[in-house]
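Residues per chain, in single letters:
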Amino acid sequence: MRFFPIVFLALLSPVFAADVFVEAPEHRENAAIPRGTVTKMPPWESQIYPGTVRDWAIYVPAQSKPEQPAALMIFNDGHDYLGPKGNWRVPTVFDHLIAEGAMPPTIAIFIDPGHDKTKEKPQSAWKNSNRSLEYNSLGDRYARFLIEEIIPEVEKTHPISKDPELRAICGASSGGIVSFTVAWERPDQFRKVLSTIGSFVNLAGGNAYPSLIRKTERKPLRVFLEDSTGDLDNPFGNWPLANQQMFAALKYMKYDVRFDLAEGYGHNSMHGGSILPEALRWLWRDTVKK
């Protein structure tokens with residue numbers, strides 16, 4: 001298999017220097033373009049993470065055809081990406097980019113971490129949930145959860161491409177590292193990663209990735225990393241430094257990688273959400289038949 005790596009390092013302009021979300025045209029709903037549908041799915045009880053239940057939803061583009069399998073993109077901490085007035089607004093951005101031809105018709109799965117099904121649902125998906133175990137741990141368990149449980153459930157009603165080049169996964173913070181872990185463990189299933197403010201620090205051994213990347217034969221992955229100079233610095237590690245080390249290792253191994261590092265910003269989705277349309281264009285380039 002041949003690889004054609006492209007490497008980017010972008011230091012964003014001062015317009016992104018403050019903790020503000022900068023709305024792009026693709027973040028705005030447009031009645032003139034086809035609009036996909038978002039369906040909230042019944043809570044999912046996992047067998048791979050026994051005793052847990054989780055919320056999830058799926059987006060199906062207006063261009064979806066029963067006879068033509070769609071591309072796939074999974075969003076960890078999925079609820080955060082759905083809000084029509086939030087920093088991501090993924091369904092609206094997808095509507096724009098699919099209509100434009102910047103990405104193929106793509107089904108999106110928005111999935112939250114699991115929580116103990118015998119207890120009341122946590123007020124925050126980031127607290128009192130199974131999130132740290134699922135997202136920060138290395139290994140293939142979370143990948144198996146997606147591949148063996150969630151994707152087959154969606155395929156019961158919507159055909160999804162088996163081509164790993166047409167499968168992407170995205171997340172922020174610990175959702176960013178688990179996105180990389182899924183593709184790292186199963187490049188036969190996922191080959192595109194979008195990680196923002198990724199937690200590539202020692203929460204559960206994720207700080208090992210730069211060394212592992214340098215010592216492992218290159219895998220057929222395309223990786224978009226985003227972080228900011230004002231991200232976290234605590235006993236687990238320095239987030240901006242960890243992301244720079246990830247980028248350096250991927251660049252050294254000639255991966256197809258881009259790293260957007262913004263000035264300022266804290267550990268939030270302001271900058272990652274602002275550049276989401278640009279990131280998706282880069283990630284899905286060359287996948288649409290013109």
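Use the structure listed above.
Just so we're clear, the structure is a prediction, and the values are computed from it rather than from any experiment. (Residues numbered from 1 in each chain as written. Predicted model: local features only at pLDDT ≥ 70, side-chain atom pairs only at ≥ 80, totals over all residues. Heavy atoms only, no water.)

### Regarding the nonpolar core
In globular proteins that are soluble, nonpolar side chains generally tend to be buried together.
Item 1. Phe180 and Ile213 are the most contacted members of the largest nonpolar core, which totals 50 residues.
Item 2. No other element matches the 8 residues that helix H3 (residues 141–155) contributes to this core.
Item 3. Setting aside residues up to four positions removed in sequence, isoleucine 213 forms contacts with Phe180, Trp184, Met246, Ala249, Leu250, Met253 and Tyr255.
Item 4. If you look at the next biggest cluster of nonpolar residues, it comprises 29 residues, including Tyr81, Ala102, Cys170 and Trp284. (Core = buried A, V, L, I, M, F, W, Y, C linked by side-chain atoms within 4.5 Å. Buried < 20%, exposed > 50% of the residue type's maximum accessible area, 1.4 Å probe, protein only. Helix = DSSP H or I, 4+ residues; strand = E, 2+ residues; numbered from the N terminus. Contact = heavy atoms within 4.5 Å.)

### With respect to the pairing of strand S2 (residues 37–45)
Item 1. Across 7 bridges, the pairing between S2 and strand S3 (residues 52–60) is antiparallel. Following the sheet pairing, tryptophan 44 is matched in S3 by arginine 54.
Item 2. Between S2 and S3, which pair antiparallel in sequence order, lie 6 residues; one of them, glycine 51, sits at a positive phi of approximately 85°. (Pairing = 2+ DSSP bridges.)

### Quick notes on the packing of helix H1 (residues 90–100) against helix H8 (residues 276–284)
A packed helix pair is summarised by two numbers, namely the angle formed by the two axes and the spacing between the axes.
Item 1. Close contact between H1 and H8 brings their axes to 11 Å; oriented N to C, the two are set at 45°. By the criterion of interaxial angle, the relationship of H1 to H8 is oblique. The two elements H1 and H8 cross, and the hand of that crossing is right-handed. Judged by residue contacts, Val90, Val93, Phe94, Leu97 and Glu100 of H1 engage Leu276, Pro277, Leu280 and Arg281 from H8.
Item 2. Tallied by class, residues from the contact of H1 with H8 come to 7 nonpolar, no polar and 2 charged. (Axes fitted to C-alpha atoms, helices over the stretch in contact; angles between N-to-C directions. Parallel < 35°, antiparallel > 145°, perpendicular 65-115°, else oblique. Left-handed = near helix turned anticlockwise from the far one by under 90°. Nonpolar A, V, L, I, M, F, W, Y, C, P; charged D, E, K, R; others polar.)

### Let's talk about unusual backbone geometry
Item 1. Unlike most non-glycine residues, aspartate 77 shows phi in positive territory, near 55°.
Item 2. Residue placement: aspartate 77 occurs in the loop between strand S4 (71–76) and H1.
Item 3. Positive phi values are uncommon outside glycine, yet aspartate 286 reaches one of about 65°.
Item 4. What makes aspartate 286 exposed here is its relative accessible area of 62%.

### Points about the pattern of salt bridges
Working definition: two side chains of opposite charge can pair if their charged atoms are close together.
Item 1. On inspection of all chains with the given rule, the structure shows 22 salt bridges.
Item 2. Among the salt bridges present, the one from arginine 191 reaches glutamate 165, with a minimum N-O distance of 3.1 Å. Of this pair, arginine 191 sits in the loop between helix H4 (174–185) and strand S8 (192–196) while glutamate 165 sits in the loop between H3 and strand S7 (167–172), and the two are 26 residues apart along the sequence.
Item 3. Since its relative accessible area comes to 13%, arginine 191 is described here as buried.
Item 4. The class for glutamate 165 is partly exposed, based on a relative accessible area of 31%.
Item 5. A salt bridge links arginine 222 to aspartate 256; the shortest N-O distance between them is 2.7 Å. Separated by 34 residues along the polypeptide, arginine 222 in strand S9 (residues 222–228) and aspartate 256 in strand S12 (residues 256–262) bring together distant segments of the chain. No difference in accessibility class separates arginine 222 from aspartate 256, as the two residues are buried.
Item 6. One salt-bridge network, held together by shared partners, links Arg222, Asp256, Arg285 and Asp286. (Salt bridge = Lys/Arg side-chain N within 4 Å of Asp/Glu carboxyl O.)

### Focus: the packing of aromatic side chains
Item 1. Under the definition given, this model contains 15 aromatic pairs.
Item 2. Ring centres of phenylalanine 180 and phenylalanine 200 lie 6.1 Å apart, and the angle between their planes is 85°; this geometry places the pair in the edge-to-face category. Residue phenylalanine 180 is found in helix H4, and its partner phenylalanine 200 is found in the loop between S8 and helix H5 (209–215); the two are separated by 20 residues along the sequence. An identical accessibility class is assigned to phenylalanine 180 and phenylalanine 200; each is buried. (Phe/Tyr/Trp six-rings, centres within 6.5 Å; stacked < 30°, edge-to-face > 60°.)

### A word on the environment of arginine 89
Item 1. Note that arginine 89 resides in the loop between S4 and H1.
Item 2. Judged by relative accessible area, arginine 89 falls into the buried class, the value being 9%.
Item 3. Placed 62 residues apart in sequence, arginine 89 and histidine 27 show a C-alpha to C-alpha distance of 6.2 Å.
Item 4. Discounting chain neighbours no more than four positions away, the residues touching arginine 89 are Phe21, Glu23, His27, Tyr81, Gly83 and Pro84.

Keep in mind these values describe shape, not function.
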